[in-house]
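Coordinates in review
Next come the chains, spelled out residue by residue.
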Amino acid sequence: SAADALGRAIRGGAGEAKTHYLFGEALYDMDRERAAASAFATATQRATGDEAWLTEAYRKAGYTHRAINDRQGAIRAWQRYLDRIDEPTAESRDVERLLLRLGGR
């Protein structure tokens, strides 16, 4: 699968932040939340801050943390996501509602 190929690439030394993000995306799409959360965490930690994909990585990281019952992880990821949003969107409003339910913001 694509996720397995990306996993091999990462273990083979292609440890760029975007590679971890793409790996997280593949795992997220396969409903492998715990592994996706780990990949998104590595991607966001290695990011410089101005990557185009970083905002979406935080949004999806929040969902993966929520799925594995990591309330604090979801709150942190979603707060970072919302900090990066300039104009509200349907997605950001959904995240705001979820964040309020978790006790964040």
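See the structure above.
**Overview of the layout of surface pockets**
- Reported here for the largest pocket is a volume of approximately 200 Å³.
- Listing elements by their share of the lining of the largest pocket, those giving two or more residues are α3 (33-46), α4 (54-67) and α5 (71-83).
- With 5 residues, α3 is the single largest residue contributor to the lining of the largest pocket.
- Grouping the amino acids of the lining of the largest pocket by side-chain chemistry returns 6 nonpolar, 4 polar and 2 charged.

**Digging into the side chain of E51**
- Looking at the element boundaries, E51 is found in the loop between α3 and α4.
- Among the polar contacts listed, one links the side chain of E51 to the backbone nitrogen of T48, at a separation of 2.7 Å.

**Let's talk about helix α6 (residues 90-102)**
- Here α6 is 13 residues long and its end C-alpha atoms lie 19 Å apart, about the 18 Å a rise of 1.5 Å per residue gives.
- By the burial criterion, the buried members of α6 are S92, V95, L98, L99 and L102. The arc enclosing the buried residues of α6, seen along the axis, measures out at 120°, which places them on a common side. Opposite the buried face of α6, by more than 90 degrees, sit the exposed residues L100 and R101.
- Buried residues in α6 make contact with α4 and α5.
- The positive-phi residue at the C-terminal boundary of α6 is G103, with phi of around 95°.

**Some points on the nonpolar core**
- Membership of the largest hydrophobic core comes to 24 residues, with the highest contact counts inside it found for Y21, F40, W53 and W78.
- For this core, the elements supplying multiple residues, two or more each, are α2 (17-29), α3, α4, α5 and α6.
- Those residues in contact with W53, other than ones at most four positions away along the chain, are A17, K18, Y21, A43 and A47.

Thresholds, definitions, all that
- Residues numbered from 1 in each chain as written.
- Predicted model: local features only at pLDDT ≥ 70, side-chain atom pairs only at ≥ 80, totals over all residues.
- Heavy atoms only, no water.
- 1 Å grid on protein atoms, 1.4 Å probe; cavity = no way out; pocket = protein on both sides within 12 Å on 5 of 7 lines; lining within 4 Å.
- Points joined across faces, edges and corners; volume = space filled by probe spheres on them.
- Helix = DSSP H or I, 4+ residues; strand = E, 2+ residues; numbered from the N terminus.
- Nonpolar A, V, L, I, M, F, W, Y, C, P; charged D, E, K, R; others polar.
- Polar contact = N/O pair within 3.5 Å; in protein donor to acceptor, adjacent residues only side chain to side chain.
- Expected span 1.5 Å × (residues − 1).
- Buried < 20%, exposed > 50% of the residue type's maximum accessible area, 1.4 Å probe, protein only.
- Arc of directions from axis to C-beta.
- Contact = heavy atoms within 4.5 Å.
- Core = buried A, V, L, I, M, F, W, Y, C linked by side-chain atoms within 4.5 Å.

Purely geometric numbers; function is a separate question.
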